Every structure is written in structure tokens, then in C-alpha cells.
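Overview (structure and organization)
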Amino acid sequence: MTSTLQPTTTTEAVKRPGRWLALSVLVLAVLLVAVDATVLGLATPYISEDLRPSGTQLLWIGDVYSFVLAGLLVSMGSLGDRIGRKRILLVGATAFGAISLLNAYATTPETMILARALLGVAGATLMPATLALIRNLFHDPRERSLAVGIWGATASAGTAVGPIVGGFLLEHFWWGSVFLINLPVMAVLVVVGIRMLPESRDPNPGPWDLLSVLLSLVGMVGVVYAVKEAAAYGLAWEPLAVGLLGAAALYAFVRRQLTLPAPLLDMRLFRNRGFSGAVLADLLTILGLAGLVFFLSQYLQLVQGRGPFEAGLAELPAAVGAVAAGLVAGRVARRFSVRAVVSGGLAAVGLALAALTVIDSSTGYPLLGAALLVVGIGAGFSFTVTADVILSSVPKEQAGSASAVSETAYELGAALGIAGLGSIVTGVYRDFTGPAGTPADAHESLGAAVEAAAGLPAHTGQELLTSARDAFVDGLTLAAGTGAAVLLAASVAAWFMLRGQRLEENRG
């Protein structure tokens, strides 16, 4: 059955004064989260050297933020619908800045993991609120498409600003400074947001069901933890038990939403094929990208010997491509079709990842830069159009919940990508054969191997570095191939699930 979004009436399309200035405040929140996510990859080698985490702890530092974020996004999106999206955005931004201090001054791996988890709680309040407020600020479909494009382009710009600013800070200050850059952004967001943002909420929200919140959190964290542990170490009774508990909690969550008069998440949203297809496309895209991107920064620094600032600049083409594509994605989707743009974008990312399967330690930058540019363009087209489809598929009263579903797919995909593809890299790396006298902890991470090599005789240290780097690249190329397969499969799925889907047109 063809899924066609309803045209907007003239009454609905009344344009709110000051909406573009309000949008500028919302994109600051997006920038805040995007910068934080990208600087972590550059800081990982320094965190590894200073805090000496095990390989498993290093993965937890990388993905616990996404675990908690994914587990709470639906709950926080629903809470914003109830208490006010402006209010939850400003409270979340304040908490995000404060908890960044805890990240910056963590002294043990356990403290860092806890700080990242708490940051996930704060972050869960930000992203659904920004998209929901866009849905309520922009009633004209074409303006909303442009606003969503700017929103997505800012997130992509954050991926560029993060590594460059983070790289500069890492070359001049200690690793904790990369988290302190959140503070001025947070301050501007709160001060300006108080004056510029309109408040919006569901006029008839019903109660906020705490049992549903708990089931969502336990379910998401349990399932993703089980996937991560199984990917890294194989099936064992403990992760299997946690995974079954998580699956049971998610099942109970869905059943409870179907019976509640005012659910946290209206499961009927998924009956819309366009909505479901857009959510699936988001999840699989990030799953294919996240684990690879997490380790690409380490490849640029620890394998190719680039400094943090240079590594940040090297990743710039992806952000440039995503910004450019995001700004024109809505227009292109109306000119051709939603499924052509989304499927084409996913296929482009998949083919770019496939090209990365041929890299080695000495691969020149032209191949890397071209692949990153194509990744950015493909992802920019796909993410912008799917976000527009998701927002347009629901009444504005449910914008927070719908936005939360979109962001949950994004964060769950990120967590699964880091857990799954990251574990492929780690698993291959751990099997490398080093020279006699190689410390056991050199097999935990490439950063540990670099540090161990510095304390060995020159010849032995170089032999260790060569073996460790070759093993890391082998794992990276295998992960790239896996990610490519996931993205190409997602492209095919999107082509069928988004058949007949169109973006709204204002016919008022």
C-alpha cells in the first residue's frame, strides 16, 4: 500500500516569527552532542595511556554513553512531551555541561565509565527535544525540510569541529580538556534558549509511567551488553542471561505500551511503513559506520603516526560531504523520490566502506579522503530525509516520542556498531604474534602496544609495533567489509520499505 503524507493546510502553515533564531539555539544542542561524541575517538589513545583501561574497559568507555542514551531516549522524549520540550532541553544542557567536568577529571577507568554513563543520561534529554521543537516551530513542509537539513548539517559540522578543536587541545593540553569545550556551548545555549525558544508540550499527555522507563532502560542496556560480550568473547552464560533479561524487559515494555491509555511510546507509529523504514535505515546506517569510525581515529594516529590535530583534519571530508548533502537533501527527495535518495545514500556509504577494505599501514590519503567524502555525502542525504519522514509521519503532539524513536535507532546503532564491529577489530588484533618479551597488556589495545614498545630495545620495539599495527589494520579492514555488507543490505531494504513515500508539500 502506498504511504503518502497528508498535505499541510493553510492554517497549519502559519509561520512563527523568530523561528530561524530559535533554530540557531537548537542546533547548538546538536553541536554539543556531536562534538562530544567525536572528540572521544581522538582522545582514546591518551585516555588509554593515562588511565590504563583493559580492552573491555576501553570499549565500555567508547559505548556506555550510547548504551544509556539509547535506553533513555524514548523515556526522555516522552517526558519532554509532558513537562515541556524547552524545559527539558535547558535542564539537560545544564546537566550535560556539569557532567562534562566529571569526564574531564576522571582518574580511573571505572570513574570514566561512570561519567560517560551519566553524560548519556543528560544527553538523552537533548536530541529528542531539538527535533520535536523543530516540528512545532516549522509548519511549512519545505521550511521544515530545510530546518531539518540545517539540524543534520550542524550535527555533521560537529563531527568536523570536534576532531579539529579536540586535536588542537590534545596537542597543547591534557586529554580532559576535550570535554571542557562543552561548557561555553552549554552556557550560550541556556542563556539564549531561555529568551528565544518557545515552550511546547502535549496538551493531554497522561502520566509518565516509571515502570515503562525502567523496562526500556533495562531492555536496551541488557540486549546491547549481551551483543557486545558475545561479539568479543563468544557465548557464555552471563551475557546470555543478561541478554535474555533485556529481551524480556523489551517484550514487557511493548506489551505495556499497548495497554496503557497514555503510553510512553505509541506502538501504532510503526504501522506506518515509511516511519518504520526510516527508523530501520537510521539504525543500520549507524551500525555500519559507528564501529569503524571509532577505530579510524586510532588508525590515523597510532598506525600512520599523525598528530591529533592532523588526524582531525583528515576526517574533515566526511563532515563537509554530510553538511552539503544535508542542506539539499529535501529538495533532491522532492525532485526524485524519498526511496531513491535514502537507498542511494546508503549504497554510497556501503561502497565507500568497501573501498576501505584494501587499506594497509601505508595507504595514501587520497583514497582515505575520497572514501570519507563519499561516506559523508551518502549519510547526509540518508539521515536528513529519514528525519524529515519521521517527523512528518506523526501529529505534532507526538513529536517528542517520534524524535526519540529516531534518536534511539541512531544511538542503538552506534552502540551495536562499536560493540560488534569494534569487537571484530579487537578480536583480530588480540591474536597477533609479537616478539619474545612482548608484555601481555600489549594485546589489550594498540595504544597499550605503542606504550609497551617505547620501553623495549629499539629493534624489539619496532618489531612489536609492526606486528601490532598490521593486526589492527587486518581487524579494521574486516570490520569495514562487514560494515559495507550491512549498508548495502540496508539500501535494498530501504528501497522496498520506502516505496511510494513522499515528503510533505504545502498546498495551502
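Residues numbered from 1 in each chain as written. Predicted model: local features only at pLDDT ≥ 70, side-chain atom pairs only at ≥ 80, totals over all residues. Heavy atoms only, no water.

Focus on the environment of V332
Structurally, the position occupied by V332 is in helix α13 (residues 316-335). Take V332: its relative accessible area is 24%, and that puts it in the partly exposed class. Through-space distance from the C-alpha of V332 to that of F381 is 8.8 Å; in sequence the pair is 49 residues apart. What V332 contacts, discounting residues up to four positions off in sequence, is S337, V341 and F381. (Helix = DSSP H or I, 4+ residues; strand = E, 2+ residues; numbered from the N terminus. Buried < 20%, exposed > 50% of the residue type's maximum accessible area, 1.4 Å probe, protein only. Contact = heavy atoms within 4.5 Å.)

Describing the pattern of salt bridges
Side chains that carry opposite charge are capable of pairing whenever their charged atoms lie near each other. Counted according to the given criterion, the structure contains 3 salt bridges. As a salt-bridge pair, R52 and E451 come within 2.8 Å of each other at their nearest N and O atoms. Of this pair, R52 sits in the loop between α1 (19-51) and α2 (55-83) while E451 sits in helix α17 (residues 446-454), and the two are 399 residues apart along the sequence. Residue D209 pairs with R256 through a salt bridge whose shortest N-O separation is 2.6 Å. A residue pair is termed long-range when its members are at least 10 positions apart, and D209 in the loop between α8 (182-196) and α9 (210-233) and R256 in helix α10 (residues 237-259) qualify at 47 residues. We classify D209 as buried; its relative accessible area is 15%. When its relative accessible area of 27% is taken as the criterion, R256 is described as partly exposed. (Salt bridge = Lys/Arg side-chain N within 4 Å of Asp/Glu carboxyl O.)

Regarding the packing of α2 against helix α4 (residues 109-123)
A packed helix pair is summarised by two numbers, namely the angle formed by the two axes and the spacing between the axes. Contact pair α2 / α4: the axes reach a minimum separation of 7 Å and the direction vectors enclose 25°. Taken as axis vectors, α2 and α4 run roughly parallel relative to one another. As α2 packs across α4, the resulting crossing turns out to be right-handed. Contact residues: α2 offers Q57, W60, I61, V64, Y65, V68, L69 and L72, while α4 offers P109, E110, M112, I113, R116, A117, L119, G120, V121 and G123. Residue composition of the contact of α2 with α4, by class: 13 nonpolar, 3 polar and 2 charged. (Axes fitted to C-alpha atoms, helices over the stretch in contact; angles between N-to-C directions. Parallel < 35°, antiparallel > 145°, perpendicular 65-115°, else oblique. Left-handed = near helix turned anticlockwise from the far one by under 90°. Nonpolar A, V, L, I, M, F, W, Y, C, P; charged D, E, K, R; others polar.)

Focus on helix α14 (residues 338-355)
The end-to-end C-alpha distance of α14, which contains 18 residues, comes to 26 Å, matching closely the 26 Å that a straight helix rising 1.5 Å per residue would cover. Listed in full, the buried residues belonging to α14 are V338, R339, V341, V342, S343, G345, L346, V349, G350, A352 and L353. (Expected span 1.5 Å × (residues − 1).)

As for the confidence of the model for the protein chain
Should the pLDDT be low somewhere, the predicted coordinates at that spot are not to be read in detail. In this model, the protein chain carries a mean pLDDT of 79, and residues with pLDDT of at least 70 account for 88%. When mean pLDDT is compared element by element in the protein chain, α14 scores highest at 91, while helix α16 (residues 399-430) scores lowest at 73. A low-confidence stretch, residues 1-13 (pLDDT under 50), is modelled with 38 contacts involving residues beyond four sequence positions or located in other chains. (pLDDT = per-residue confidence, 0-100.)

A word on the nonpolar core
Residues I134 and Y299 are the most contacted members of the largest nonpolar core, which totals 142 residues. Dropping the residues within four chain positions of it, Y299 is found in contact with Q304, I359, D360, S361, T363, L368, F472, V473 and L476. (Core = buried A, V, L, I, M, F, W, Y, C linked by side-chain atoms within 4.5 Å.)

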